[in-house]
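Here's the letter readout for the chains.
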There are 2 protein chains.
Amino acid sequence: TGLAAIFINLAVENFSGWKYTATFAIIKHSYFVGFFVYTVFNLALVFSSVYIVTNFAPAAAGSGIPEIKGYLNGVDTHGILLFRTLVGKIFGSIGSVGGGLALGKEGPLVHTGACIASLLGQGGSAKYHLSSRWVRIFESDRDRRDLVTCGCAAGVAAAFRAPVGGVLFALEEVTSWWRSHLMWRVFFTSAVVAVVVRSAMNWCNSGKCGHFGAGGFIIWDISGGQEDYSYQELFPMAIIGVIGGLLGALFNQLTLYITKWRRTYLHKKGKRVQIFEACLISLVTSTISFVLPLLRKCSQCPQLETNSGIECPHPPGTDGNFVNFYCSKDKEYNDLATIFFNTQDDAIRNLFSAKTFHEYSAQSLITFLVMFYSLAVVTFGTAVPAGQFVPGIMIGSTYGRLVGMFVVKHYKKLNIEEGTYALLGAASFLGGSMRMTVSLCVIMVEITNNLKLLPLIMLVLLVSKAVGDFFNEGLYEEQARLRGIPLLDSRPKQVMRNMNAKDACKNQKVVCLPRVSRVVDIVSVLRTNKHNGFPVVDRGQNGESVIGLILRSHLLVLLQAKVDFQNSPFPCGPGVLNRHNFSDFVKPASSKGKSIDDIHLTEDELGLYLDLAPFLNPSPYIVPEDMSLAKVYNLFRQLGLRHIFVVPRPSRVVGLITRKDLLLEEDDNTVMAELQSTS
Amino acid sequence: TGLAAIFINLAVENFSGWKYTATFAIIKHSYFVGFFVYTVFNLALVFSSVYIVTNFAPAAAGSGIPEIKGYLNGVDTHGILLFRTLVGKIFGSIGSVGGGLALGKEGPLVHTGACIASLLGQGGSAKYHLSSRWVRIFESDRDRRDLVTCGCAAGVAAAFRAPVGGVLFALEEVTSWWRSHLMWRVFFTSAVVAVVVRSAMNWCNSGKCGHFGAGGFIIWDISGGQEDYSYQELFPMAIIGVIGGLLGALFNQLTLYITKWRRTYLHKKGKRVQIFEACLISLVTSTISFVLPLLRKCSQCPQLETNSGIECPHPPGTDGNFVNFYCSKDKEYNDLATIFFNTQDDAIRNLFSAKTFHEYSAQSLITFLVMFYSLAVVTFGTAVPAGQFVPGIMIGSTYGRLVGMFVVKHYKKLNIEEGTYALLGAASFLGGSMRMTVSLCVIMVEITNNLKLLPLIMLVLLVSKAVGDFFNEGLYEEQARLRGIPLLDSRPKQVMRNMNAKDACKNQKVVCLPRVSRVVDIVSVLRTNKHNGFPVVDRGQNGESVIGLILRSHLLVLLQAKVDFQNSPFPCGPGVLNRHNFSDFVKPASSKGKSIDDIHLTEDELGLYLDLAPFLNPSPYIVPEDMSLAKVYNLFRQLGLRHIFVVPRPSRVVGLITRKDLLLEEDDNTVMAELQSTS
């Protein structure tokens, strides 16, 4: 994942570098030709991206985070973890981000990390003959899920060069079942990513990577900024939080409507419409980012301290503040071009920058905010890989800087930095849209290297999340719901408290299979209903009893293999399982699985019998029929189950298991009698 | 918790300040009198601490973290969350830390935070008439547990001024059942603590707090140090990790033996022995820390850059490097005194300091390491509040600095700082002893304000934890086991895979109560066995069936109240619960609860009946008797249960609950058919 991130960054920075160098060279002669070259360059990149996605890897569109969240919650979206998706994601991101659209490469990197993890867990892609057998330790669904969680952390760690932020992102945002020993594994993954990324960047420092910038482990270092804050500043900071909550919630709502509209009307019409749409948006984005700065009058360069390291205007071909674009004099700069006619990374760096008071006029910032916000909303949901982190930071830092300008004017205190407010604004917008707390806080600290602002970032995030939660759900939850990914919330719904287990399965007809079933019966059961699991019953000395659960997928494997069919309608002996590898029953990640229609059986075979006992899950979880549905929900959700049997009330209790019974070794503790349990 | 932390810090720093000022003033005239005053001062403080703990709040001894961990895992140690424990902890910490023992105030602050949280959850201490009714929302055990988790986070946030570290500590180290919406609450608590602590420190900056230092939000700022590292350094850093793992595991093992020995032989002999022991250790500590530096020859002050802000020797009465102690000349300093004859905080600051090459001789560092390690091992387990963080950092930074000295010598690179290695050493020892990963990493970054070393800290922690795990368990787990707090691990033991539920309760005789029981029967059941819960059975149309679980504690409440006794042996009507407040059934935190022997009933009352139906838990979790014990364990552990009924195999299945049945509202989703579940 670290190498993938470096590759994407390298490609994007180089494409952008060439683009801006060429454009700046050409506009010395003709602005019209420069505009043409700029637009065509962007269009070509965006076209390559949308072409790859629509024709080769449709699952690579969007950020992929809602789908991964769904996967870890227990819902598999088709194609989300395939090798082709991985390839499409990597090359698609390069096109869409390099093409200057209002989207980021960070979300797609999370998806990339998850794909890599899943492929490693399978030992490579079977389809492209890359499979190997050495990693077959990840055969259980749970281990594979853990690995995908590590992959997500690696994605964030690589995207933001924020290893701890990656761990926390995996923990807070994506996983549904966190187990404490997973912490250590995720942590290890992130540490390795950190070292890989750093090594690659060290190698690039020697100038071998073209336009790929120097930049240390911290993306947007603002350590030169404000170190302290006074209590009067808390009020404007709270305002930033409120703005973030409002704009973030609005963003979620608007994107929801637009995505809904796209799904219903636009994307049904086929690939061509999707390609046309993306190209159109690219044209609009290019036009706005080129033409708007042209309309803006240049400003006089301010007096800068000579040792601040900031030049005005900065030399062409380097990153920095004070871009000279369409200015009549040499000592002038265009403040709108500084943020608009630039890569997003450089624009953010410029917005965060300290010691650059009054670089931007309020008018430019408002223009940029409105235009970029609209572009981000419209771009969201096109058929290209797209992250929302960087656009969110752009939007947030714009209004943050705006508030900062007013604070600087109003309080007349010298040690207030507009860049600090831009940072808080960025945090507030992400908090208001994505509704993360701890992980976002750590990511913001890690990418700006300013630990002293930590309490302020925390407060802004708390305000913006609270305000946002008042209106709607987080961006990823909204999008997951829209895509029909039914995420199970960590808490049961209120209405479940008044329902019981029987109510939840009221209209069901439970189909049971006898232990030794006729093949023809099994086939007809599989054909006539869509359940994924069936109870198996057996008649013993004490009457009928439920002996376990058999999965549809396992039945299909057995029917296809045919080796277990037998003539006698009586249970078979032991040693049957040796006929099968455990791996035969493992469903490959992200595939559609087998269907009963794919299996063809002869008349003779249909008349045979099959003993299900060796293949069933002998102890599925059970609940009595009148248990509160809220309790059932907790059981289902927290243990990550797929099936629970609802059974009649038991007639007697064989035993009672308490904490003491589960502490097998320690039976000599006399102290334990003094202790009382709390839970 | 923030205010408590400030109070403790203020008191400790002032006591230490007076102590060192007085001693330094006196030794100008006589070293012997100085030694006497120093020793008596320490002895008085330690005596006050051990006296408070032994006579007033025995539960305040030690760090309290294993007990809190136990509480959150479901085991209540008597007295651990009482008001008197809180008071004892605060004043005890001041005495023990101010008295110069080899222990810290950070662990006790976690306990302090937990106590405050628990008392708030009860609406104050009932015993001291501080109770109020407004916070009765925390009546359920679960909410109270969540509040205590927040308290722990607040403790760490206040102790280290590390809010994010606090959140992660609560998450990684103390809680057993993490719920995702707890994240947000814990985060909020930490943010408030951060603001409170900062406000108090700002107020102190104006000089109103005596010796309480300036210090910003970061305790030991080493931002002036090394910013980069080369790959050759990774090897010595791995060595530090290995040393940390070895010394940390050794520390756990030694303290385990000594605590065991103390429990069996020493502390049984009463309070006087405990007081005597603590005083003796105080005397030994004072003697070693005073006399050893005396034996050490002073060194010549090095040539320092004038603008580095470091003076040699530093002016008396201020914190800093290069302490002049028993030196013949003015321009000399005593390197052993710089770390030994000093508060621990200042010693750590001096060890972490950059730009002070060759300040310490290897001989001094080794002497200090051996002596302090021994003192820390011996001090652990005395009857005073004692944390292991700061001593751990002391030990770790000593050998870290030692390794750093060799690296500086060997690699002859100029930008290697010994202070950086001291920091890595501190991380490695804590990692090797406490076995935390993410939270420790964030805490180390937060207390030193050096984000650029993050990947190195991660690697060192990974190595030291791996090495330590090879030998034994973490410090808190070892201590919890020793104290008879049976923590349920998050994973079932290997042997459980081959057992089933029936095996776990093989020797039990299950006592069932009928729905309407005679009072005399209930009393005899409660007298004759020690179970905390009893199944209740009822005879309906379909034969006998289990209708729920009644808790011993609830039965005791009913027996004491007597209002529900009835003459008829038939079920009563509805509306009975109105006779009771819900709060009657709530067990106060950390109390022993009622006993059957406290309840006195007349002959007449014993002959009456009691209908248990309104008071029982109607749907306890059930498992079939042949379910794998590992599965039962997961159910018990992850849902935080107290009782599970083991029942015979069900004879039929009423229904099957799947993900779809639990997504109540969304039944219109045609997309769902495309999706497949993964878990």
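This structure is a prediction, so every number in the text was calculated from the model and none was measured.

**Observations regarding the pattern of salt bridges**
1) Next: Under the definition given, this model contains 34 salt bridges over all chains.
2) Next: Between R481 of chain A and E473 of chain A there is a salt bridge, with its nearest N and O atoms 2.7 Å apart.
3) Next: Under the relative-accessibility criterion, R481 of chain A is labelled partly exposed at 40%.
4) Next: One salt bridge connects E173 of chain B with K69 of chain B, and the closest N-O pair in it is separated by 3.3 Å. Taken together, the residues span a long stretch of sequence, with E173 of chain B in helix α7 (residues 163–174) and K69 of chain B in helix α3 (residues 65–73) at a distance of 104 residues. Neither residue differs from the other here; E173 of chain B and K69 of chain B are each classed as buried.
5) Next: Several salt bridges converge on common partners, so that one network encompasses K69, E173 and E477 of chain A.

**Digging into unusual backbone geometry**
1) Next: Backbone geometry at R435 of chain A places phi at a positive 60 degrees, although glycine is not the residue there.
2) Next: With respect to the helices, strands and loops of the structure, R435 of chain A is situated in the loop between α15 (418–434) and α16 (438–448).
3) Next: Positive phi, normally seen in glycine, also occurs at Y326 of chain B, with a value near 55 degrees.
4) Next: On the basis of relative accessible area, Y326 of chain B is assigned to the partly exposed category, the value being 45%.

**Digging into helix α20 (residues 519–528) of chain B**
Count 3.6 residues to each turn of an α-helix, and residues three or four apart come out pointing the same way.
Residue and element names in this part refer to chain B.
1) Next: Among all positions of α20, only V519, I522, V523, V525 and L526 are buried. Each buried residue of α20 lies within a common arc of 160 degrees when the element is viewed along its axis, so the set occupies one face. Residues of α20 that are exposed and point more than 90 degrees away from the buried face comprise R527 and T528.

**What to know about the sheet that holds strand β4 (residues 513–514) of chain B**
Note: strands within a sheet are paired through backbone hydrogen bonds, in either parallel or antiparallel orientation.
All names here are of chain B.
1) Next: With respect to topology, 3 strands assemble into an open sheet ordered β4-β6-β7, the strand pairing being mixed. Unpaired on one side and paired on the other, β4 and β7 (543–551) mark the two borders of the sheet.
2) Next: Alignment of β4 against strand β6 (residues 533–540), held across 2 bridges, turns out to be parallel. Within β6, the residue paired with P514 across the bridge is V537.
3) Next: Against the sheet, helix α21 (residues 552–561) touches β4, β6 and β7, its axis set at about 80 degrees to β7.

**Some points on the domain arrangement of chain A**
1) Next: Per the domain assignment, the segments making up chain A are domain 1 (1–483) and domain 2 (494–662).
2) Next: The centre of domain 1 of chain A, based on its C-alpha atoms, is set 46 Å off from the matching centre of domain 2 of chain A.

**Side note on the interface of chain B and chain A**
1) Next: Chain B puts 133 residues into the contact, and the matching count from chain A is 135 residues.
2) Next: Inspection of the chain B/chain A interface yields 0 salt bridges.
3) Next: Where chain B touches chain A, the interface holds 20 residue pairs in polar contact (both at pLDDT 80 or more).
4) Next: The element best represented in the side of chain B that touches chain A is helix α8 (residues 180–208) of chain B, accounting for 14 residues.
5) Next: Its residues assigned to classes, the side of chain B that touches chain A comprises 73 nonpolar, 31 polar and 29 charged.
6) Next: Examined bridge by bridge, strand β10 (residues 644–647) of chain A and strand β11 (residues 655–657) of chain B share 3 bridges and lie antiparallel to one another. From the neighbouring strand, V646 of chain A faces β11 of chain B, where its bridge partner is G655 of chain B.

**Topic: the state of the cysteines**
1) Next: The tally for this structure, following the rule as stated, stands at 2 disulfides over all chains.
2) Next: Between C298 of chain A and C327 of chain A runs a disulfide, and the two sulfur atoms are separated by 1.9 Å. Judged by the sign of its S-S torsion, about -85 degrees, the cystine formed by C298 of chain A and C327 of chain A is left-handed. Of the two residues, C298 of chain A sits in the loop between α10 (271–295) and β2 (299–300) while C327 of chain A sits in the loop between β2 and β3 (332–333), which places them 29 residues apart along the sequence. Across the pair, C327 of chain A and C298 of chain A agree in class, each one buried.
3) Next: For C152 of chain A, which is in no disulfide, the shortest distance to another cysteine sulfur is to C150 of chain A and amounts to 9.2 Å.
4) Next: We classify C152 of chain A as buried; its relative accessible area is 0%.
5) Next: Of all cysteine sulfurs in the structure, the one in C441 of chain A sits closest to C441 of chain B, which takes part in no disulfide; the separation is 15 Å.
6) Next: Given the relative accessible area of 0%, C441 of chain B is considered buried.

**Focus on the packing of aromatic side chains**
The relative placement of two aromatic rings is captured by the distance of their centres and the angle of their planes.
1) Next: Counted by the stated rule, this structure contains 52 aromatic pairs over all chains.
2) Next: Between F290 of chain B and F325 of chain B, the aromatic rings sit 5.6 Å apart at their centres with planes inclined by 90 degrees, giving edge-to-face as the arrangement. Of this pair, F290 of chain B sits in helix α10 (residues 271–295) while F325 of chain B sits in the loop between β2 (299–300) and β3 (332–333), and the two are 35 residues apart along the sequence.
3) Next: A relative accessible area of 1% places F290 of chain B in the buried class.
4) Next: Exposure remark for F325 of chain B: the relative accessible area of 0% places this residue in the buried category.
5) Next: By way of ring pairs, the aromatic residues Y20, F24, Y31, F35, Y38, F290, F325, Y326 and F341 of chain A are connected into one cluster.
6) Next: A cation over a ring is seen here: R84 of chain A above F56 of chain A, with NZ or CZ 4.8 Å from the ring centre.

**Things to note about the relation of the copies chain B and chain A**
1) Next: The two copies are related by a screw operation: chain B maps onto chain A through 180 degrees of rotation and 0.0 Å of translation along the axis, at an RMSD of 0.1 Å. Such a combination of rotation and displacement between the chain copies is what one expects of a two-fold axis.
2) Next: The overlap is high: 100% of the interface residues of chain B also sit at the interface in chain A, so the same surface is used on both sides.

Calculation rules
Residues numbered from 1 in each chain as written. Chains lettered and ligands numbered in written order. Predicted model: local features only at pLDDT ≥ 70, side-chain atom pairs only at ≥ 80, totals over all residues. Heavy atoms only, no water. Salt bridge = Lys/Arg side-chain N within 4 Å of Asp/Glu carboxyl O. Buried < 20%, exposed > 50% of the residue type's maximum accessible area, 1.4 Å probe, protein only. Helix = DSSP H or I, 4+ residues; strand = E, 2+ residues; numbered from the N terminus. Arc of directions from axis to C-beta. Pairing = 2+ DSSP bridges. Contact = heavy atoms within 4.5 Å. Axes fitted to C-alpha atoms, helices over the stretch in contact; angles between N-to-C directions. Domains from an automatic or database assignment. Polar contact = N/O pair within 3.5 Å; in protein donor to acceptor, adjacent residues only side chain to side chain. Nonpolar A, V, L, I, M, F, W, Y, C, P; charged D, E, K, R; others polar. Disulfide = S-S within 2.5 Å. Phe/Tyr/Trp six-rings, centres within 6.5 Å; stacked < 30°, edge-to-face > 60°. Lys NZ or Arg CZ within 6 Å of the ring centre and 35° of its normal. Least-squares fit on C-alpha atoms with pLDDT ≥ 70 in both.

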